[in-house]
Amino acid sequence: MSNFQVINHPLIQHKLSILRRKDMGTKVFRELVDEIGMLMAYEVSRDLPLEDVEIETPITTTTQKQLAGKKLAIVPILRAGIGMVDGILKLIPAAKVGHIGMYRDEETLEPHEYLVKLPEDISSRQIFLVDPMLATGGSAILAVDSLKKRGATNIKFVCLVAAPEGVQALQKAHPDVNIYTASLDEKLNEHGYIVPGLGDAGDRLFGTK
Ligand code: PRP
Ligand code: URA
């Protein structure tokens, strides 16, 4: 699978195993999604371009590195994507945050968009599109469609748990989008849930049913 990477960092794998447990309550679930979001951001931002900058230390003038190129935007897919935003912002505090609201019809599994609010200069930003779950891929594909329609060209999709079906669908629809996940799970079940997965990420994050 090209353009696809499983982030195998031991801290991420350990925290993800705790997150999957059905007996984890909302508080711990939220904390773990936040922490894994931050650790994923560290890995996903590895290839951000740097440029030389001249600075003065208390001792001398020197040429050092700073982030260059396109500025970042974090775009969570609501609701569950919201859980990853603060963790990423801890590492990249100057990033702008857009929102795409999306829900899956429980019967058809078709995604429905209900909100799009993005930074004005979205077309010139590197975008981290975030959602803990990539299941059928429908939500991610529609979110990328929506971003591209508004001029976005540089998109990375970051999730925690992916099903092979979703990865294939997203790659087919948007081969230019790099996909990062903390786990590639086994499959989808007959209700469109990821197996073994972690259940409904939005409900577990916000304590709803
Ligand atoms: C979940 C999840 C993804 C989507 C993944 O959201 O957060 O957005 O399902 O499924 P897909 O790959 O098959 O589209 P959900 O629709 O449950 O909305 P919520 O976050 O508001 O609970
Ligand atoms: N959305 C979720 O929150 N969990 C799944 O397993 C599939 C879609």
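Here the structure is a predicted model, which is why all the values come from computation and not from measurement. (Residues numbered from 1 in each chain as written. Chains lettered and ligands numbered in written order. Predicted model: local features only at pLDDT ≥ 70, side-chain atom pairs only at ≥ 80, totals over all residues. Heavy atoms only, no water.)

Asker: Even after reading the chapter, I still don't get the sheet that holds strand 9 (residues 133–134), so can you show me in this structure?
Answerer: Backbone hydrogen bonds are what pair the strands of a sheet, in a parallel or an antiparallel way. Reading across the sheet, the three strands line up as 9-11-13 and stay open at both edges, with parallel pairing between neighbours. Both edges of this open sheet fall to strand 9 and strand 13 (183–184), since each of them pairs with a single strand only. Direction of pairing for strand 11 (residues 161–162) relative to strand 13: parallel, over a ladder of two bridges. Note on strand 13: the bridge partner recorded for Ala162 is Leu184. (Pairing = 2+ DSSP bridges. Helix = DSSP H or I, 4+ residues; strand = E, 2+ residues; numbered from the N terminus.)

Asker: Would you explain the nonpolar core in this entry?
Answerer: Side chains that are nonpolar tend, in soluble globular proteins, to be buried together. Counting residues in each nonpolar core, the largest one holds 36 residues, and the members touching the most others are Leu19, Met40 and Leu160. Those elements giving two or more residues to this core turn out to be helix 1 (10–20), helix 2 (26–44), strand 4 (71–78), helix 3 (82–91), strand 8 (125–130) and helix 6 (201–206). When residues of this core are assigned to their parent elements, the largest contribution, eight residues, is made by helix 2. When residues no more than four places from it in sequence are discounted, the contact partners of Leu19 are Phe29, Leu32, Val33, Ile36, Leu160, Leu198 and Arg204. Core analysis: the second largest hydrophobic core is formed by 25 residues, Ile100, Leu134, Ile141 and Ala143 among them. (Core = buried A, V, L, I, M, F, W, Y, C linked by side-chain atoms within 4.5 Å. Buried < 20%, exposed > 50% of the residue type's maximum accessible area, 1.4 Å probe, protein only. Contact = heavy atoms within 4.5 Å.)

Asker: Honestly, unusual backbone geometry in this entry has me stumped. Any pointers?
Answerer: Across the chain, the bulk of peptide bonds are trans and the bulk of non-glycine residues have phi less than zero. The omega torsion across Leu78 and Arg79 is 0°, close enough to zero to call that bond cis. Positionally, Arg79 belongs in the loop between strand 4 and helix 3. Note that the residue after Val195, namely Pro196, is joined by a cis bond; omega there is 0°. In this structure, Pro196 sits in the loop between strand 15 (194–195) and helix 6.

Asker: Can you walk me through the packing of helix 4 (residues 138–149) against helix 5 (residues 164–173) in this structure?
Answerer: Any two packed helices are characterised by the angle at which their axes cross and by the distance between the axes. Running from amino to carboxyl end, helix 4 crosses helix 5 at an angle of 20°, the nearest separation of the two axes being 9 Å. Looking at the two axes, helix 4 sits roughly parallel to helix 5. Where helix 4 crosses over helix 5, the two elements pack in a sense that is right-handed. Between helix 4 and helix 5, the contacting residues are Ala140, Ile141 and Val144 on the first element and Ala169, Leu170 and Ala173 on the second. (Axes fitted to C-alpha atoms, helices over the stretch in contact; angles between N-to-C directions. Parallel < 35°, antiparallel > 145°, perpendicular 65-115°, else oblique. Left-handed = near helix turned anticlockwise from the far one by under 90°.)

Asker: Would you mind showing me how to read the layout of surface pockets here?
Answerer: Taking a probe equal in size to a water molecule and rolling it over the atoms shows the remaining empty space. In this structure, the largest pocket occupies an estimated 750 Å³ of space. Tyr103, Arg104, Ser139, Asp200 and Gly202 are the residues nearest the centre of the largest pocket, which is lined by 32 residues in total. Considering only residue class, the lining of the largest pocket consists of 16 nonpolar, eight polar and eight charged. Of the volumes computed, that of the second largest pocket is approximately 250 Å³. Here the lining of the second largest pocket is composed, by residue class, of 10 nonpolar, one polar and three charged. (1 Å grid on protein atoms, 1.4 Å probe; cavity = no way out; pocket = protein on both sides within 12 Å on 5 of 7 lines; lining within 4 Å. Points joined across faces, edges and corners; volume = space filled by probe spheres on them. Nonpolar A, V, L, I, M, F, W, Y, C, P; charged D, E, K, R; others polar.)

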